[in-house]
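The lines below spell out each chain.
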Amino acid sequence: MMTHISIRDLQKISGEAIGALPGPTPVKSGERTVGLLIPLKAADPARLAAVLRRAEALSKGRDVRAEDAALASFGDVDPVDWSAAAVNALTGKPAKSRKAKR
């Protein structure tokens, strides 16, 4: 089991090897930890689709401006568009086109 990766080894490690890491792995320069390598795992497509459908259903009827104003006292509001299309773009999966029924 790998307890850490040296900064030198980080240059040589493949994407496949990073994905196979059991979880967050410290990156060390000598004895000092300088970073944390976290392998990203692919989400279950069906589960992700279900979560996105639920989020879109919950977002219908929202007043985005009122919500942003309410959150402003906490600092900057997250400007990211977390729509299904945006998540699909982030994960590299093209959004399915919806054809109108005739």
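Notes on the structure follow.

With that settled, the discussion passes to the environment of Ser 29. With respect to the helices and strands, the residue Ser 29 is situated in strand β2 (residues 25-29). In this structure the C-alpha to C-alpha distance between Ser 29 and Ile 5, which are 24 residues apart in sequence, comes to 8.9 Å. The contact partners of Ser 29, leaving out residues within four places of it in the chain, are Ile 7 and Val 34.

What follows concerns the sheet that holds strand β1 (residues 5-6). Taking strand neighbours across the sheet as the criterion, the three strands line up as β1-β2-β3 in an open arrangement whose pairing is mixed. A strand with exactly one partner marks an edge of an open sheet, and here the two such strands are β1 and β3 (32-37).

It is worth spelling out a nonpolar patch on the surface at this point. A contiguous nonpolar surface patch, about 200 Å² in accessible area, is contributed by Ile 7, Leu 10 and Val 34. Inspection of the secondary structure assignment puts Val 34 in strand β3. Residue class for Val 34 comes out partly exposed when judged on its relative accessible area of 38%.

For the rest of this paragraph, the subject is the side chain of Thr 25. On the secondary structure map, Thr 25 appears in strand β2. A polar atom in the side chain of Thr 25 sits 3.0 Å from the backbone oxygen of Gly 23. Beyond its immediate stretch of four places on either side in the chain, Thr 25 contacts Thr 3, His 4, Ile 5, Gly 35, Leu 36 and Leu 37.

What counts as what
Residues numbered from 1 in each chain as written. Predicted model: local features only at pLDDT ≥ 70, side-chain atom pairs only at ≥ 80, totals over all residues. Heavy atoms only, no water. Helix = DSSP H or I, 4+ residues; strand = E, 2+ residues; numbered from the N terminus. Contact = heavy atoms within 4.5 Å. Pairing = 2+ DSSP bridges. Patch = residues over 30% accessible without salt bridge, like charges linked within 9 Å, V, L, I, M, F, W, Y side chains within 5 Å. Areas by Shrake-Rupley, 256 points an atom, 1.4 Å probe, with all protein chains shown as cover. Salt bridge = Lys/Arg side-chain N within 4 Å of Asp/Glu carboxyl O. Buried < 20%, exposed > 50% of the residue type's maximum accessible area, 1.4 Å probe, protein only. Polar contact = N/O pair within 3.5 Å; in protein donor to acceptor, adjacent residues only side chain to side chain.

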